[in-house]
Amino acid sequence: MLCDQCRERDAVVHLTQIVGQSVAQVHLCERCAAERGIETTVAEPKHPLGDFLQAVQHQASQLPGDLPRCAYCGTSLQEFRASGRLGCAHCYAAFDQSLRELLRRVHGATRHAGWRPTAAAAVPAGDPSTVDRASRIEVLREELARAVAAEAFESAAALRDQIRALE
Amino acid sequence: MTLDLSLLPDGGLQWLAPTGEHAAIVLSSRIRLARNLAGFAFPPRAREGERLRVLQAVRQAVPHLEGLRDGVLVRVDECTASERLLLHERHLVSRELAGLEVAPGAPTSLTAPTAGAVLVTGDVGLMVNEEDHLRLQVFRSGFDLEGALRHAEALDRGLGAAVPYAAHPEFGFLTSCPTNTGTGLRASVLIHLPGLVMTQEIGKVLQGLQHMGLTHRGLYGEGSEVLGNLFQISNQTTLGRSEGELVDQLARVVRRVIEREEEARRVLRREAGYIIEDKLWRAYGTLRHARSLSGEEAMQLLSGVRLAASLQLVTGLSVYTLNKLLIFSQTAHLMHAAGRALTESEASVARARYVRSVLAAEAKITD
């Protein structure tokens, strides 16, 4: 049976809708069903980070106050949790503990055993001098605007000092 | 910007010529290295200015680099949606860099990320500002992971000396997604497994891959469907083992998969000779005469004909012709040939016409 909506794929979701007195049958494929917000029991491919991210979320929800945030690009652990993407090389230092756990789960190891970058290229972890100054200031300015808007004046002051130091 | 395909050496499709080992089963081998430049936020987080500076740094470095200096750089973000889809159909540009959210074949698209680009030369493609600043890809015809790795290593050394990479003393090369951290290596083969699918052995084989730390995907990588019995098999982990070890392990497993596929084909011929022969000739007949073919149907039928050719049931059809049909019968390629956008039904008609014309010209089939 073809999907009522796209008429292309096989219908796998069979929906009985009761509107007033009338009963209507709707047959949808998985994709069209998802578009209409109907959850299907067909399993989504599992995100390799899913478990870990859930664990982080759980852990995070127990933490009081602010979540760790990368001082260089402004990515928070929460954002990383949501997207699965780190913001910059320095996030690896900022989220070191969580990342080690993640790397161990995903790869079964944390120590790189392959090619070494050419000596000049290696970036010592957490060395701010290697981060593009202009873009750090840009990020901090945005943070500052957010802090001011949220009336978080203490962190705004700290951010202002950081910007001054960089300038 | 109009994409002038004649500028691309071999159209970035050198691997279509079936020169490599086991070319009848393994269409191509690919090595991908994910790298980021030190000093810039990763592309998903980077500001437009940063992304432009990354592209600028690559542009300045490339003319001095052996193996890359003759490359043609295409600004993907300045291409039209169908041009971006075309690059994607050629495996030169990922869905993400092409700004395509949907499955290949449907050219509805989002905007491509700013300063996204691809440098193409011979069997090499270098994506810029994808999920990582650099995604270096080396393609090889047939089963040649080692050859592709050697080439990738040479290019990577040159590039890394010119544009310093973000790296960590313990974690190795740093990537936007921690699933690529360490070597940043994804080695994969594009392999045709109709025998294992028809004998229903494929489930066991794919399960076995997982136990070996390998993974499989469809023709167009992550999230794409398996069509036409074409699977991409690749390593899943990137950290803790060297590039050579990761490639060796994949190559060992792929060799076993090839053996099992060959065995399955022998079983099929022995147990169901005339049924298979009939099925495959019907696939050829449909491709040769149909007046409308959907992309999916074409893929399925091409798989049948590819199998028929490798079993020498149908002779006079080269693997090169089959490889060409696989790529050039896709929607954006048909649109490019037609010089305009096509509706789905127009594309189906154009596809059938294209397949017929190629088979008429290149297939020397004797009954």
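Residues numbered from 1 in each chain as written. Chains lettered and ligands numbered in written order. Predicted model: local features only at pLDDT ≥ 70, side-chain atom pairs only at ≥ 80, totals over all residues.

Caption draft 1: Examining the confidence of the model for chain B more closely. All names here are of chain B. The predicted model of chain B has a mean per-residue pLDDT of 89, with 93% of residues at 70 or higher. Note on residues 102-107: pLDDT under 50 across the span, and 16 contacts to partners over four residues away in sequence or across chains. Both scores are given for the predicted complex: the pTM is 0.77, the ipTM 0.84. (pLDDT = per-residue confidence, 0-100. Contact = placed C-beta atoms within 7 Å.)

Caption draft 2: Layout of helix 2 (residues 81-89) of chain B. Residue and element names in this part refer to chain B. Counted residue by residue, helix 2 has seven buried out of nine residues, so it is predominantly covered. Of all the residues in helix 2, the buried ones are Glu-83, Arg-84, Leu-85, Leu-86, Leu-87, His-88 and Glu-89. Where helix 2 is buried, its residues touch helix 3 (95-98), strand 3 (117-121), helix 9 (319-328) and helix 10 (331-338). Directly after helix 2, the chain includes His-91, whose backbone phi takes a positive value near 70°. (Buried ≥ 20, exposed ≤ 12 C-beta atoms within 10 Å, placed from the backbone. Helix = DSSP H or I, 4+ residues; strand = E, 2+ residues; numbered from the N terminus.)

Caption draft 3: Representation of the environment of Arg-105 of chain A. Positionally, Arg-105 of chain A belongs in helix 5 (residues 96-107). Taking the C-alpha atoms as reference points, Arg-105 of chain A and Glu-30 of chain A, 75 residues apart in sequence, are found 31 Å from one another.

Caption draft 4: Spatial organisation of the environment of Thr-181 of chain B. Residue position: Thr-181 of chain B is located in the loop between strand 7 (172-173) and strand 8 (185-192). Remark: the alpha-carbon pair of Thr-181 of chain B and Leu-342 of chain B, spanning 161 residues in sequence, is separated by 41 Å. Leave out the neighbours within four places in its chain, and Thr-181 of chain B touches Leu-103 of chain A together with Phe-171, Gly-172, Leu-174, Thr-175, Thr-238 and Leu-239 of chain B.

Caption draft 5: Seen up close, the interface of chain A and chain B. With 35 residues of chain A at the contact, the number on the chain B side is 37 residues. Where the side of chain A that touches chain B is concerned, the elements lending two or more residues are helix 5 and helix 6 (133-149) of chain A. Examining the composition of the side of chain A that touches chain B, we find that five residues originate from one element, helix 5 of chain A, more than from any other. Along the lines of polarity and charge, the residues of the side of chain A that touches chain B split into 20 nonpolar, eleven polar and four charged. (Nonpolar A, V, L, I, M, F, W, Y, C, P; charged D, E, K, R; others polar.)

Caption draft 6: Structural context of the pairing of strand 10 (residues 230-235) of chain B. Residue and element names in this part refer to chain B. Burial analysis of strand 10 places six of its six residues in the buried class, which makes it a mostly covered element. Pairing of strand 8 with strand 10, which is carried by five bridges, proceeds in the antiparallel orientation. For Ile-191, the partnering residue across the bridge sits in strand 10 and is Phe-231. Relative to strand 10, strand 9 (residues 214-217) is paired through four bridges, and the arrangement is antiparallel. Looking at the pairing, Leu-214 lines up with Asn-235 of strand 10. (Pairing = 2+ DSSP bridges.)

Caption draft 7: Up close: the packing of helix 4 (residues 145-162) of chain B against helix 7 (residues 243-289) of chain B. Residue and element names in this part refer to chain B. It is at 10 Å that the axes of helix 4 and helix 7 come closest, and there the two elements cross at 160°. Considering their axes alone, helix 4 and helix 7 lie roughly antiparallel with respect to each other. Crossing angle aside, the handedness with which helix 4 passes helix 7 is right-handed. The segment helix 4 lies against helix 7, with Leu-145, Glu-146 and Leu-149 engaging Glu-243, Val-247, Leu-250 and Ala-251. The residue inventory of the contact of helix 4 with helix 7, partitioned by class, reads five nonpolar, no polar and two charged. (Axes fitted to C-alpha atoms, helices over the stretch in contact; angles between N-to-C directions. Parallel < 35°, antiparallel > 145°, perpendicular 65-115°, else oblique. Left-handed = near helix turned anticlockwise from the far one by under 90°.)

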